[in-house]
Amino acid sequence: MAILFRNFCKLKNYNSLKYLFRDFTASSIRKNSAFVSKTNPSGILLEPPPSLPQHIPETKKKSRTSSNPALTFPCIDQLALRTRSLDGGPEPTYENVVTGYLHFHHTKPFLCDHGGVLPQLDIAYETWGKINEQKDNAILLHTGLSASSHAKSHEKNVKDGWWEKFIGPGLSIDTNKFFVICTNVIGGCYGSTGPWSIDPSDQERYATRFPILTIFDMVRAQFLLLNHLGISQLYASIGSSMGGMQSLAAAYLFPNRIKRLISISACARSHPYSIATRHTQRQVLMADPNWNKGFYYNGIPPHIGMKLAREIATISYRSGPEWEQRFGRKRAQENQSPALCPDFLIETYLDHQGERWCLQYDPNSLLYISKAMDLFDMSASTLDEIKRQRELRIKENQLGPSTEPEQCSLKVKSKPKEQKSSLSQYPTLNPPKKHISSLSKTSMNDLKDLIQGLSVIQIPTLILGVQSDILFPCWQQKEIAECLKMGGNKNVTYYELDSMYGHDTFLIDLTNIGSAVKGHLELRG
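As a convention, each chain's residues are numbered from 1 in the sequence order in which they are written. In keeping with the model being predicted, local features are shown solely for residues with a pLDDT of at least 70 and side-chain atom pairs are shown and tallied solely at 80 or more, while totals for entire chains, interfaces and linings include all residues. The basis for the side-chain values is all heavy atoms of the structure; hydrogens and waters are excluded.

(A) Layout of the overall build of the protein chain. Helix and strand labels come from DSSP, where a helix needs a run of H or I of at least four residues and a strand needs a run of E of at least two; each type is numbered from the N terminus. When its secondary structure is counted, the protein chain shows 15 helices and 14 strands. Whether two residues are in contact is decided by their heavy atoms: any pair within 4.5 Å suffices. Relative to all contacts within the protein chain whose residues are 6 or more apart in sequence, the contacts with residues 24 or more apart total 75%. When the accessible area of the protein chain is evaluated, it comes to approximately 26600 Å², of which 54% is carbon and sulfur surface. Where accessible areas are quoted, they stem from the Shrake-Rupley method and a 1.4 Å probe; at the residue level, only the protein chains shown are allowed to cover.

Listed below in structure tokens is the structure:
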């Protein structure tokens, strides 16, 4: 009141105070809320004094025109249209993306390395060729992050597989000689148990109640399938990208059940760049409001996050030199004005890749499997810690040995007594050859740790790398080969391919990849 009084006393016409405060009494306060407004929240009726105009005319708004018209965003409109079409519509049926596979159902609990138990397990798999009487011609083909078990067409699914030209009679993996098995990894969405699957405990989808996985979990599940098929020993374990991680893990976990090993464009431990790339994809996906912390199965799937995640991934799968030749600086519509939506050919390519894939793969599967790749490390200290934690959890969950695949080894073998422990005998560690691999930049303790972890693998091994690969640079394959040799494996072959297709070379280069695989399988004793 004091402030109001001082302000109003400044008015020359003191009679105006009479009008301004006339209704400032309790009896004049309007009790009807309809009289309360944002400009007059007290509900007090104020009247202007006679000296002021009774009706203040509204200021006429001048019509103004923008300097430039607003840009159009058809790409954003398309995303909104898709979101509306998915609202209340049928959810994607991921297991129907691939058809014609076989099912293995494991009825016993499956313990995961980082905790959590799957009450039961399903594995989707496909086979080509015939198993011989001795059952010693089987090859286990491991997949990359998002691949299904459909590596090759067959009667039940005539669509081309992801390694169509590599598998078949007389081809790189000759089905006249070998019986080929390929599975969809656990955590996936193409028939194997994953976040999209129904939890038998409550008949609801696992979503993000699904346990964190490791590459070793995936391999352990695959060997349960081999046990079911009566295959005690594999002729070979073959994999590219994440599959190359699995092939290494298989040779470590089951050293007596694999005769030879092929790892293409993979690593013995995930490094910061690839971890950062996959982290970015997960962050983009989880930032999509429709992700809903993984519980989106009864609503709109996070297709926008998946689209962007796939675009990021595609950048890491191919190479700059290829895109220079393929796209250059060409625009999709040279005769149109530049736009903020996909404009350059490379932009339209990435946009197409994201659009095509965003409803073909379960977002939660991407999160879980990419994280398993990040966690992969063949260093002895990591392997020993996994072994220790696993033994504790087996006791905590009161699980018996029957839940583990046969002949499972998680113990790092000691090196033979006659083998020297000094690392100075290996010339690749000398300073003049720093360009050979990352070993010169790796601490001696870390190097010994990795060598010890890989020392279990003493079978004939083929390692392939690609010079243009930015996701798994070829020095990471050199690291595998050199550490295997330092661990005592005298039958290690390393090839480095000069291909411009980047990480995806293993899917494309039939001549070089295919020939190397065929040679390792058939020409070596």
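That was the structure; now back to the text.
(B) Molecular detail of the sheet that holds strand 8 (residues 179-183). One bridge is not enough; two strands pair if DSSP finds at least two bridges between them. Pairing in this open sheet of eight strands is mixed, and the strands run 1-4-8-5-11-12-13-14 from one edge to the other. Edge positions in the sheet fall to strand 1 (102-106) and strand 14 (492-497), since each of these pairs with one other strand and no more. The sheet shows a mean angle of 20° between the axes of neighbouring strands, taken without regard to direction. Bridge count for strand 13 (residues 461-466) against strand 14 is six bridges, and the pairing is parallel. Counted as the bridge partner of G465 is E496 from strand 14. Orientation is described by lines fitted to C-alpha atoms, with helices fitted over the stretch in contact, and by angles between N-to-C directions that extend from 0 to 180 degrees. Across the sheet, helix 13 (residues 474-486) is in contact with strand 12 (261-264), strand 13 and strand 14; its angle to strand 13 comes to roughly 160°.

(C) Summary view of the state of the cysteines. In what follows, a disulfide is any cysteine sulfur pair within 2.5 Å. One pass over the structure, following the stated rule, counts one disulfide. Disulfide pairing is shown between C75 and C341; the S-S distance is 1.9 Å. Because the torsion about its S-S bond is -75°, the bridge between C75 and C341 counts as left-handed. Of the two residues, C75 sits in helix 3 (residues 74-86) while C341 sits in the loop between helix 8 (320-326) and helix 9 (345-357), which places them 266 residues apart along the sequence. Categorising residues by exposure relies on relative accessible area from a 1.4 Å probe, with only protein chains included: less than 20% of the type maximum marks a residue as buried, more than 50% marks it as exposed, and the intermediate range marks it as partly exposed. Relative accessible area serves as the criterion here: at 22%, C75 is assigned to the partly exposed category.

(D) Region of interest: the pairing of strand 8. For strand 8, the buried fraction is high: five of the five residues fall into the buried class. Of the two faces of strand 8, the one holding F179, I181 and T183 and the one holding V180 and C182 are both buried throughout. Bridging between strand 4 (residues 121-128) and strand 8 involves four bridges; their strand directions are antiparallel. Residue Y125 lies in a different strand from strand 8, and its bridge partner there is T183. As paired elements, strand 5 (residues 138-142) and strand 8 share four bridges and run parallel to each other. Each residue of the ladder has a partner; that of L141, found in strand 8, is C182.

(E) Region of interest: the nonpolar core. In plain words, nonpolar cores are sets of buried Ala, Val, Leu, Ile, Met, Phe, Trp, Tyr and Cys residues tied together by side-chain atoms within 4.5 Å. Residues I181, F216, F223, Y361, M378 and I457 are the most contacted members of the largest nonpolar core, which totals 86 residues. By residue number, the principal contributor to this core is helix 4 (residues 215-229), which donates nine residues. In contact with M378, other than residues within four places in its own chain, are F216, L248, A249, Y252, A268, R269, L383, L450, G453, L454 and I457. Ranked by size, the runner-up nonpolar core spans 25 residues in total, among them W163, I238, I262 and V517.

(F) Fine view of the pattern of salt bridges. Salt bridge, as used here: a side-chain nitrogen of Lys or Arg that lies within 4 Å of a carboxyl oxygen of Asp or Glu. Tallied over the full model, the rule gives 21 salt bridges. Residues R331 and D343 are paired through a salt bridge, measuring 3.2 Å at the closest nitrogen-oxygen approach. Of the two residues, R331 sits in the loop between helix 8 and helix 9 while D343 sits in the loop between helix 8 and helix 9, which places them twelve residues apart along the sequence. For the pair shown, R331 and D343 are each scored as buried. Here the salt bridges do not stand alone but share partners, grouping D113, D217, R220 and R390 into one network.

(G) Structural detail: the environment of I231. Note on placement: I231 falls in the loop between helix 4 and strand 11 (236-240). Considered as a pair, I231 and N137 are 94 residues apart in the sequence and their alpha carbons are 9.3 Å apart. In contact with I231, other than residues within four places in its own chain, are I131, K135, A138, F179, I181, L226 and R257.

(H) The arrangement of the packing of aromatic side chains in detail. The pairing test for Phe, Tyr and Trp rings, Trp by its six-membered ring, is centres within 6.5 Å, and the orientation test on the planes gives stacked under 30 degrees, edge-to-face over 60, and tilted for anything in between. Counted under the stated rule, the structure contains 14 aromatic pairs. An angle of 85° between the planes, with centres 5.3 Å apart, marks the rings of Y206 and F210 as edge-to-face. As far as burial versus exposure is concerned, Y206 and F210 are alike and both buried. Here W323 and F327 contribute two aromatic rings whose centre-to-centre distance is 6.4 Å and whose plane-to-plane angle is 65°, an arrangement assigned as edge-to-face. What makes W323 buried here is its relative accessible area of 13%.

(I) Inspection of helix 13 at higher detail. A helix is expected to span 1.5 Å for every residue after the first. Here helix 13 spans 18 Å end to end across 13 residues, near enough to the 18 Å set by a 1.5 Å rise per residue. Taking burial as the measure, the 13 residues of helix 13 include eleven buried ones, the bulk of the element. When helix 13 is considered as a whole, its buried residues turn out to be C474, Q476, Q477, K478, E479, I480, A481, E482, C483, L484 and M486.

(J) Structural detail: the pairing of strand 5. Buried residues dominate strand 5, accounting for five of its five residues. Along strand 5, one buried face is formed by A138, L140 and H142 and the opposite face, lined by I139 and L141, is buried too.

(K) Quick look at the confidence of the model for the protein chain. Summing up the model confidence of the protein chain, the mean pLDDT is 85 and the portion of residues at 70 or higher is 79%. Here residues 1-46 scores under 50 on pLDDT; set against residues more than four positions off or in separate chains, the count is 29 contacts. The quantity known as pLDDT measures the predictor's confidence residue by residue, on a range of 0 to 100. Across residues 408-436 the pLDDT falls below 50, and counting only partners more than four positions away or on other chains, this stretch makes 52 contacts in the model.

(L) Region of the structure containing unusual backbone geometry. The phi angle at K135 is positive, at roughly 55°, despite the residue not being glycine. Its location among the elements puts K135 in the loop between strand 4 and strand 5. You can call K135 partly exposed: its relative accessible area is 32%. Positive phi values are uncommon outside glycine, yet Q203 reaches one of about 65°. Tracing the chain through its elements places Q203 in the loop between strand 9 (198-199) and strand 10 (204-205).

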